[in-house]
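Working through the structure, step by step
Spelled out from the first residue to the last, the chains are:
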Amino acid sequence: GQSLEQPSEVTAVEGAIVQINCTYQTSGFYGLSWYQQHDGGAPTFLSYNGLDGLEETGRFSSFLSRSDSYGYLLLQELQMKDSASYFCAVSGGGFKTIFGAGTRLFVKA
Amino acid sequence: EAGVAQSPRYKIIEKRQSVAFWCNPISGHATLYWYQQILGQGPKLLIQFQNNGVVDDSQLPKDRFSAERLKGVDSTLKIQPAKLEDSAVYLCASSPPGVPYEQYFGPGTRLTVT
């Protein structure tokens, strides 16, 4: 079957760095995406890793290790507005997308 | 560039009633998705269209849910009859050609079944 695991909650201080991990089991794996969702809002695309390694987009970076079926999202210089839910999502066979349950990030002042 | 449009934004119905949701994807996006998101969970794919053809509907409860995408542009999702457990946010998303992992979501329809 297909499954993703990520922590349910993470708390960090404003200005700090936080890492949200995601492990997955899937067939026909193509890549790992990350989405951000604020309460009451729609998910917004953050990043995609199709190959092993680190992808950087401003304060956000995402990493993938295919051999370990593992990836993470790294948020630097945390701001209060980063408080949201973060979802990892795998693209598998037929480009079907499976979302994880999400990690709620709380940023404290 | 206009985003993904959905209507209505909110809907309250009684169990056993029917309801329909509408979605208009971003212009030029051939792939359209309908997701169900229950509070505290990640989006669950219900159906995926490529133009007006169904790519995946393995998780669509076909005894009560139906969806169509006539003319390969906008789409409707229908529930008939609704159950209490259908209370959720229904999200529509679309993706650019060849980029299925980069999905753009509409604001969603919050359905409450009483």
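Residues numbered from 1 in each chain as written. Chains lettered and ligands numbered in written order. Predicted model: local features only at pLDDT ≥ 70, side-chain atom pairs only at ≥ 80, totals over all residues. Heavy atoms only, no water.

1. Here's the deal with the packing of aromatic side chains
Residue and element names in this part refer to chain A.
- Applying the stated criterion to the full structure yields 15 aromatic pairs over all chains.
- Aromatic pair Y35 and F99: ring centres 5.2 Å apart, planes at 50°, arrangement tilted. Residue Y35 is located in strand β4 (residues 31-37), and its partner F99 is located in strand β10 (residues 97-99); the two are separated by 64 residues in the primary sequence.
- On the basis of relative accessibility, which here comes to 1%, the residue Y35 falls in the buried class. (Phe/Tyr/Trp six-rings, centres within 6.5 Å; stacked < 30°, edge-to-face > 60°. Helix = DSSP H or I, 4+ residues; strand = E, 2+ residues; numbered from the N terminus. Buried < 20%, exposed > 50% of the residue type's maximum accessible area, 1.4 Å probe, protein only.)

2. Notes on the state of the cysteines
Residues and elements named next belong to chain A.
- Within the structure shown, the criterion is met by two disulfides over all chains.
- The partner cysteine of C22 in its disulfide is C88, sulfur to sulfur 2.2 Å. Classification of the bridge connecting C22 and C88 rests on its S-S torsion, roughly 75°, and on that basis the disulfide is right-handed. A residue pair is termed long-range when its members are at least 10 positions apart, and C22 in strand β3 (residues 18-25) and C88 in strand β9 (residues 84-91) qualify at 66 residues. (Disulfide = S-S within 2.5 Å.)

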